[in-house]
Structure formats: structure tokens, C-alpha cells
Amino acid sequence: MRWIPKAVAGAALLALAGAAQAVPVSLTKLTGLTGGVVAGTAVYKADLSSVGLGAILSVGIRDNSGLLGGATGQFSGFDLDGIKLSMTDCADADCAKTAVGLSVFDFASGVVFAPGSQRAPADPKLFGTDATGAAVDNAVATLGLFDAESIAGPGAFGFLSMGDNGVIDFNLTAATSTAGLFLYIGEVGDNGEVAAGEIVVRDRGTVPEPSGLVLAGLLAAGLASRRRRH
């Protein structure tokens, strides 16, 4: 049996295990709209008690709206107003806005974000991201609140534009039971991008996974290093 460095084997197992634990959720659009003064946020709900996992440790959102809906430049892709886990079963968007959420999100260090592409004309970075454009600026995005000013221009506030095919994962601060638990996601602009996206929950946290080529390179390097020792 060939020897593989523990660190490399661990990375491979983590990537495989992380992918295997993702369970897609079914979303229902609530009635009405909510948000800030310019309130154009549609809210979608998922009953997590039916996903088949006893507890979850992360939630993932992938934009795959296929360039349908939304705006251009910094406002490209799915515009996420907020995300909430709550024991309250809401029927309308305003209820979801005011429902008490569980304190299990860490928007400072518990977010893994891979920005998507922009539709022409492109801006320096997507709206709601930090100076680098590669991470979320939660002082602008305020992802713990459904408070977006639904404007694709000056005055916009309170949301993150993920870009086309952008991906965001939220690692929870504690394992959270799915019994009686509801997930709420706010979509700025009510243009159907959430319905076209992919929303998953996992019973483990997530980290940026190495690509297949990078992982293969790590394995090859480890094996070569092992051979040189013999």
C-alpha cells in the first residue's frame, strides 16, 4: 500500500466529505416584500426539519441564475439581502424580517465567499464586498438583517451581490438541530434568482476546497517526496 502524507490525505478526505454532506433544500416564496425604505426583498423559506439531517453546521448558496434577472456590473448575480435560522414559522416576508433568529452566524469570520463574474460593463468589485472584492463587507451587506435598499445604484445598502455563479458558505458557530427549524433567505429585487439558485445545508462546516488539479499535484508531490527518502 502506497504511503500518502497525512496532511495531503486529510485534505483529500475533507474535500470529499464536504461535498458528500451537502443536502439541497426546497424553498417556498412567502407573500409580500420587505427590506429598508425602498423595500423590494422577496423572502424564501425552507423547512429544515424535513432535510434528513439531525443537525446542521453550514449553509451554502450558489448562484446559477443563468444571467436571468438582476442588473449589471457590481450588482450582477444573486443579490442576497439576508439569511436567518429561526424557530418561527412565517407566512409572509415581514414576519420573516421580525422573527427572532438563532445566534449561530458569524458574519465576520464564518463566511467563505467565492465571487462570481460581472455582466458588462464591469465595476472594480461586486456590491457589498470589501476593498479586495474577494470577501464580504458586512458593514454594507448586513447579512443578518432583511434591510436592503432595493436600488441598483446610489443609495443601495444592506445586501451582497454574489456575481454570476458566485458561491457563499456560512459556517455556523454551533451544531444546530433541524427540529422545528426554518431557513429564511432574502432576495433583493424579487426577480427569481433564489428560485434559480442552489441552496444546501450540511452537517459539517466547509472550507475552500482545492481543485482536482491542485489536489492531484499535492498527492504527486507527496509521493515523490516519499520516494526520495527510500
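Keep in mind that what you see is a predicted model, and the values were worked out from it rather than measured.

Cut-offs applied
- Residues numbered from 1 in each chain as written.
- Predicted model: local features only at pLDDT ≥ 70, side-chain atom pairs only at ≥ 80, totals over all residues.
- Heavy atoms only, no water.
- pLDDT = per-residue confidence, 0-100.
- Contact = heavy atoms within 4.5 Å.
- Core = buried A, V, L, I, M, F, W, Y, C linked by side-chain atoms within 4.5 Å.
- Buried < 20%, exposed > 50% of the residue type's maximum accessible area, 1.4 Å probe, protein only.
- Helix = DSSP H or I, 4+ residues; strand = E, 2+ residues; numbered from the N terminus.
- Salt bridge = Lys/Arg side-chain N within 4 Å of Asp/Glu carboxyl O.

Structural notes on the confidence of the model for the protein chain
- Confidence along the protein chain averages 84 in pLDDT terms, with 78% of residues attaining 70 or more.
- Segment residues 1-20: pLDDT under 50, and 21 contacts once partners within four positions in sequence are set aside and those in other chains are kept.
- Here residues 209-229 scores under 50 on pLDDT; set against residues more than four positions off or in separate chains, the count is 17 contacts.

A few points about the nonpolar core
- Counting 32 residues, the largest nonpolar core has Leu 48 and Ile 61 as the members making the most contacts within it.
- Mapped by element, the contributors of at least two residues to this core are strand S3 (41-47), strand S4 (55-62), strand S5 (79-86), strand S8 (167-177), strand S9 (182-188) and strand S10 (198-202).
- Each residue touching Leu 48, except ones within four places of it in the same chain, is listed here: Val 25, Ile 56, Leu 85, Thr 178, Leu 181, Leu 183 and Val 201.
- Membership of the second largest hydrophobic core comes to nine residues, among which are Cys 90, Ala 99, Phe 182 and Tyr 184.

What to know about the pattern of salt bridges
- Summed over the entire model, instances satisfying the criterion amount to six salt bridges.
- One salt bridge connects Asp 164 with Arg 119, and the closest N-O pair in it is separated by 2.9 Å. Of this pair, Asp 164 sits in the loop between strand S7 (160-161) and S8 while Arg 119 sits in the loop between strand S6 (111-114) and helix H3 (138-141); the two residues are 45 residues apart in sequence, bridging distant segments of the chain.
- On the basis of relative accessible area, Arg 119 is assigned to the buried category, the value being 13%.
- For Asp 169, the salt bridge goes to Arg 202, with nearest N and O atoms at 2.9 Å.

Let's talk about the environment of Ala 156
- If you trace the backbone, Ala 156 turns up in the loop between H3 and S7.
- With a relative accessible area of 14%, Ala 156 lands in the buried category.
- Separated by 29 residues in sequence, Ala 156 and Phe 127 place their C-alpha atoms 8.7 Å apart.
- Once you skip the residues sitting within four places of it in the chain, Ala 156 turns out to touch Phe 75, Phe 127, Glu 149 and Ile 151.

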